[in-house]
Each structure stands twice: as structure tokens, then as C-alpha cells.
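# Results of the structural survey
So you can see what is in the structure, the chains are spelled out below.
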Amino acid sequence: MIGFSQVHKRYPGGFEALKGLTFEVAQGEMVFLTGHSGAGKSTLLKLIAAIELPSAGSVIVNGQNVGKLRRSAIPYLRRNLGLIFQDHKLLFGRTVLENVMLPLQIGGFESAEAGRRCRAALDKVGLLGREKAYPVTLSGGEQQRLCIARAIVNRPAILLADEPTGNLDSTYGDEIMELFRSFNQVGVTMLIATHDDALIGRYNARALHLHQGELVP
Amino acid sequence: MRGWLAQHRHALALTLRRLLGHPLATLFSIMVIGIALSLPAGLYVLLENLGTASGNVAAAPQLSLFLALDASRQEAMQVQARLKNHPRIRGVRFIPREQALEELKQNAGLGDVVESLPHNPLPDALVVTAKSDDPALLKQLRDELGQWPNVAHVQLDSAWAERLAALLKLGRQAVLILAALLGFALLAISGNTIRLQILTQREEIEVAKLIGATDPFIRRPFLYFGALQGLVGGAAALLLVGASLHLLNASVAELAALYGSDFRLSALSSGDSVRLLLLAAGLGWFGAYLSVARHLRLIEPR
């Protein structure tokens, strides 16, 4: 599903964020990505979503070499990914429902079908009934769950989460991890970046450890 | 197909929301576009009116033949007979000097002046309609008839109309140049409002790109915005021109009455109005397109 081979990422200025990464994530797998901040976790996720391009090596997602994609093909790659951000990246000028609706509008869904899917996604994350609220009135945990609802509304095969529990206290964090586990149980491939080692211990999942841009056992 | 329609509906809804979200800014841009377009449109209407006013006269291939003052009525009849037999002349109308004086009295409001004249200063006249309206042939005919005995003067009635037509042509070219310049202004206005929009929507564009929006999807609402702004600006220009003509027509009626005419300025034709609206919308769209193409690539999620 996701394959890295000898991937290097050097930023302008010479900083080497990733050095010779090689690994695979199989379909339906749930994998944690750990390491201190600055270890390269975010960069790795950005390479999968073609937000950054590798300096060397190849990143294969769904059989496509992401680094070699034409500019016009990148949106279609991203539609197969659900992206969950630490800073949520919600649109504060739009309601909860409109935020969740955005990926479907981009995909050109009909409004009736889109409305059904949005309500299903909001129900999944426990925000049904808040459709007309604006994100600014939601708590941090609710904003994170709204971000998750937006990521899953398109029913992507792969979910990428960057520090999804980073700003939340542990009760909220556990709720979100439970959500992820339920997605994984219906076959979604999950890659979750976190610096919280305690979290990984509680789940029976593979972990990739990054240290200064390299994989360590 | 349905998805495509849904996307366009979405873009249009977003555009309207952005337009109505900043009513004052929207109003100002529309007024600027309206004024910029109303200048060439207004001048064009005035020229068209002048054209129709002169057009009635300009087309007729007519010559006026003035006889010598001492020519007798019998001699005048001889000239008329000779004209009737001329191969290049279609028709002849005789205007006796008494009738000419009478017409002058009634038409030009010079009754008192004419009354005070000791004798009739006008000659007998013949109005000749030529078969051809080729200016070169008409001039040749004028020179030929001028040589005839008892003919004092031949005047080609289309000469002044030709000059007016040349002037009108010059005016039309000036309007074209003005329209081209102000068209560029419209492009710039549209491009600039879109640039500001893109900057304020930066965050939204980034997020949309992150969740798989294609460039056309992001571009679409901005293009709609440009076209719609241009269209409404064009409508404002039509309103401005219409209102100005309405105001002017009161004075025109007064002026025309003094000349014994019921001439009025006519408004922009519906065909021209539609063309103006389409052109305004098209220019607005194009200005938006140029701006979006330039600025959208600079916004990439990081």
C-alpha cells in the first residue's frame, strides 16, 4: 500500500530530514510512527501526500510513484488519502457541516448523497447535532474529531495522522485512538505519527522509530 | 455530468457569497467598471445617433441646379426638358423661385426678413436625381451640367454628408481606441480584485489543495467572480448611458424644436446592449483568469 525505498529528503539550506528510509506498510495494517519532534515524522507523512517531494529514492502509494506524479495528478492521489493534522486545518468561516462537505464538493458529489455521507461521518466521531456550529465554538477534542470526520467522509483507503492526540488530554486521546482502531478494523490502512510511546504500548501494532531522519529498530 | 453540475453550482454559490459578503467593496468595483465602460458606450450611442440623423440625406444621389436669375420661365422649361432626356438622370423636379421663397418663409422662421425684401432673391431651381450614386460619376455630372447655358451653379448635395461621414468614421475610430484602453482598465480592475481575493482566501485554498482539489476546482469560483463582476459592471454602464440619454433628451428636444424637427437621441439597441454585457463579462472573466493563473501556483500547502 505504502512503500519507501532509499528515500532521502534534503530541504533547501542543506538540512537532511530523512536519510535512506526503506519500509513497507501493507494494506489494512495499522502502523505507528514514533520519534522526538524533529525526527522527521511530519516530513515522512508529507512525502506520502505529495506535499513534499523526495530528494532521492521512491515513494510508492497505491502502486503510484508519488515523486514522479504530474502536478495535475496529485489531487487525485490526495483524494485516496485521509489527512489528519495536529493543527486541524479547519476553515473557521464555515460551519461543521460545510467543513465535512468540502472533500465531497471537490469530488463533485450530489448534495443528497453528500449530506448522507457527511451525517454518517459526523455520527461516527460523535458530532452529529453540531452541524450548524462553527469550529471556533468547539473544544480542542471536538475540533480534532471534526478534522477526522473530514478525513474519512471520502472513505479513503489510507489514513495519515500527524500527532492526532498531541494537544489533547488522555481521555480525549483514548477516544480518538479507539476511533482509529475501528477504522482499521474495517480495512483502512493507518499510519499514525506520535511522540507518545505509552500510547503504542496499549495497542498491538507495529511501530517505526525515527531518530534524526533514520529508522532505528 | 451531475457531479460537474454540482461543482458549478457550488462555485456559483461561493461566488455569490463572496460578492455579497463585502457589499461596499463590490459596489465600488462595479461602479468603477460601469463608469469605465459607459464612456465608450455613451460616445458610441451619440455617434450612432449622428449617423442616423445624417444617413437619411447622405444616401440620395441628388444635385441641385440653380438657374441664372435672369433666366426666363421658358428657358427654365428648356433646361428641364434637356435634363429629362439625359441618359444618366433618373428624375427631375422643378422648384419655381416663388415656391422656394414660400418654403424659406415657413421652414426657417425667417418670415419677417423675407417680407421685408424688395424682390425675390432666389433663382429657379431643379433638383436632379442621378441614376448612379458613385461619387466620381456624380462629380462628372455636376461639371457637365455646370457648362449648360442659363445654369448658374450646380451643387452636389451629398458633399456635406460625405464630410460628415468622414468625421463620423474618425469619431468611431476614437471610440474604438477609447474602448480598447478602458477594456484594459477593466482587465486590470478584475485582475486586481481577484488577486486580493486570493490573498484573503489563502488558507481556504491551501486546505482545499490538501484534500484533493484540482486547479480548475479552485479557479472556478474566482472566474465566476470576475465574469459576474464584469457583467454587473456592464449593466451599470447600460444604466448610466440610459440615464444620461434620458437627461440629454430633454435638451435635445428643445434644440430640435428650434429647428422644427422632432429628432430624439435613441438608446443603445438591444443587440448592442447584449454585446456590451457579454464583452464586460468576458473581460472580467479573462482578467480573473490571468490573475488566478499567476497567483494560484504560489499557494502550495506546506
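These numbers were taken from a predicted model, which means no experiment stands behind them.

About the thresholds
Residues numbered from 1 in each chain as written. Chains lettered and ligands numbered in written order. Predicted model: local features only at pLDDT ≥ 70, side-chain atom pairs only at ≥ 80, totals over all residues. Helix = DSSP H or I, 4+ residues; strand = E, 2+ residues; numbered from the N terminus. Rg over C-alpha atoms; globule rule 2.2 N^0.38 Å. Buried ≥ 20, exposed ≤ 12 C-beta atoms within 10 Å, placed from the backbone. Contact = placed C-beta atoms within 7 Å. Expected span 1.5 Å × (residues − 1). Pairing = 2+ DSSP bridges. Axes fitted to C-alpha atoms, helices over the stretch in contact; angles between N-to-C directions. Domains from an automatic or database assignment. Core = buried A, V, L, I, M, F, W, Y, C linked by C-beta atoms within 7 Å. pLDDT = per-residue confidence, 0-100.

Now for the overall build of chain A. Assigned secondary structure in chain A consists of 7 helices and 10 strands. The C-alpha radius of gyration of chain A comes to 17 Å, within 12% of the 17 Å expected for a compact globule of 217 residues. Projected onto its principal axes, the C-alpha positions of chain A cover 45 × 40 × 35 Å. Relative to its full complement of 217 residues, chain A shows a buried share of 42%. In chain A, the share of contacts with a sequence separation of at least 24, taken over all contacts with a separation of at least 6, comes to 70%.

Right, let's get into the overall build of chain B. In terms of regular secondary structure, chain B is built from 10 helices and 4 strands. Starting at the N terminus and walking to the C terminus, you meet the elements of chain B as α-α-β-α-β-α-α-β-α-β-α-α-α-α. Its C-alpha radius of gyration of 31 Å places chain B more than 25% over the 19 Å reference for a compact globule of 302 residues. Looking at the 302 residues of chain B, the share that counts as buried comes to 26%.

Okay, helix α5 (residues 140-152) of chain A next. Residues and elements named next belong to chain A. Taking 1.5 Å per residue as the helical rise, α5 with its 13 residues ought to reach 18 Å, and the 19 Å between its terminal C-alpha atoms agrees with that figure. Those residues of α5 that sit buried are Gln143, Gln144, Arg145, Leu146, Cys147, Ile148, Ala149, Arg150, Ala151 and Ile152. Contact partners of the buried residues in α5: β6 (81-84), α3 (96-107), α4 (111-124), β7 (158-162) and α6 (170-185).

All names here are of chain A. Pairing of strand β1 (residues 2-10) with strand β4 (residues 56-61) involves 5 bridges; the strand directions are antiparallel. Note that in β4 the partner of Phe4 across the bridge is Val59. In this structure, β4 lies alongside strand β5 (residues 64-65), joined through 2 bridges in antiparallel fashion. Note that in β5 the partner of Ile60 across the bridge is Asn65.

A word on the pairing of strand β2 (residues 16-25) of chain A. Residues and elements named next belong to chain A. In the sheet, β1 pairs with β2 via 6 bridges, with the strands oriented antiparallel. Counterpart to Gly3 in the pairing with β2 is Glu24. Hairpin remark: β1 followed by β2, antiparallel, with 5 residues in the connecting loop; positive phi at Gly13, about 110°.

Residues and elements named next belong to chain B. A sheet is described by the order of its strands in space; here 4 strands give the open sequence β2-β3-β1-β4, paired in antiparallel fashion. Only two strands of the sheet have a single neighbouring strand rather than two, namely β2 (89-95) and β4 (151-156). The mean inter-strand angle of the sheet, taken between neighbouring strand axes irrespective of direction, is 20°. Sheet analysis places strand β1 (residues 62-67) next to β4, joined by 5 bridges and oriented antiparallel. From the neighbouring strand, Leu67 faces β4, where its bridge partner is Val151. Contacting β1, β2, β3 (125-130) and β4, helix α3 (residues 73-84) runs over the sheet at an angle of about 165° to β2. Packed on one face of the sheet, helix α6 (residues 135-146) meets β1, β3 and β4 and runs near 170° to β4.

Turning our attention to helix α10 (residues 270-295) of chain B. With 26 residues, α10 of chain B extends 37 Å between its outermost C-alpha atoms, agreeing within 8% with the 38 Å of an ideal straight helix rising 1.5 Å per residue. All of the buried residues in α10 of chain B are Leu276, Ala280, Ala281, Leu283, Gly284, Trp285, Gly287, Ala288, Ser291 and Val292 of chain B.

Once the domains are mapped, chain B shows domain 1 (2-57 + 162-296) and domain 2 (62-157). The centre of domain 1 of chain B, based on its C-alpha atoms, is set 52 Å off from the matching centre of domain 2 of chain B.

Residues and elements named next belong to chain A. Taken together, 6 strands build an open sheet; the order of strands is β6-β7-β8-β3-β9-β10 and the sheet is mixed. Bordering the open sheet on either side are β6 and β10 (214-216), each of which pairs with just one other strand. The sheet shows a mean angle of 25° between the axes of neighbouring strands, taken without regard to direction. Pairing of β7 with strand β8 (residues 189-194) involves 5 bridges; the strand directions are parallel. Bridged to Ile158 within β8 is Thr189. Sitting on the sheet, α5 is in contact with β6 and β7, with an inclination near 170° to β6.

Counting 64 residues, the largest nonpolar core has Ile48, Ala149 and Leu160 of chain A as the members making the most contacts within it. When sequence neighbours within four positions are dropped, the list of residues in contact with Leu160 of chain A reads Leu45, Ile48, Ala49, Leu81, Leu83, Ile84 and Leu191 of chain A. By size, the runner-up hydrophobic cluster in this structure holds 34 residues, among which are Ile33, Phe222, Ala237 and Ala280 of chain B.

Moving on: the environment of Pro156 of chain A. All names here are of chain A. Mapping Pro156 onto the fold places it in the loop between α5 and β7. Put simply, Pro156 and Ile48 are 108 residues apart on the chain and 14 Å apart in space, counted from C-alpha to C-alpha. Not counting the four nearest positions on each side in its chain, Pro156 is found in contact with Asn80, Leu81 and Gly82.

Here we come to the interface of chain B and chain A. Interface size is often expressed as the accessible area that is lost when the parts come together. Residue-level contacts link 16 residues of chain B with 16 residues of chain A. Sorting the residues of the side of chain B that touches chain A by element identifies α1 (2-21) and α8 (202-210) of chain B as the ones contributing at least two each. Sort the elements by how many residues they give to the side of chain B that touches chain A and α1 of chain B lands first, with 6 residues.

Here chain B averages 85 in pLDDT, and 94% of its residues register 70 or above. Two summary scores accompany this predicted model of the complex, namely pTM at 0.75 and ipTM at 0.89.

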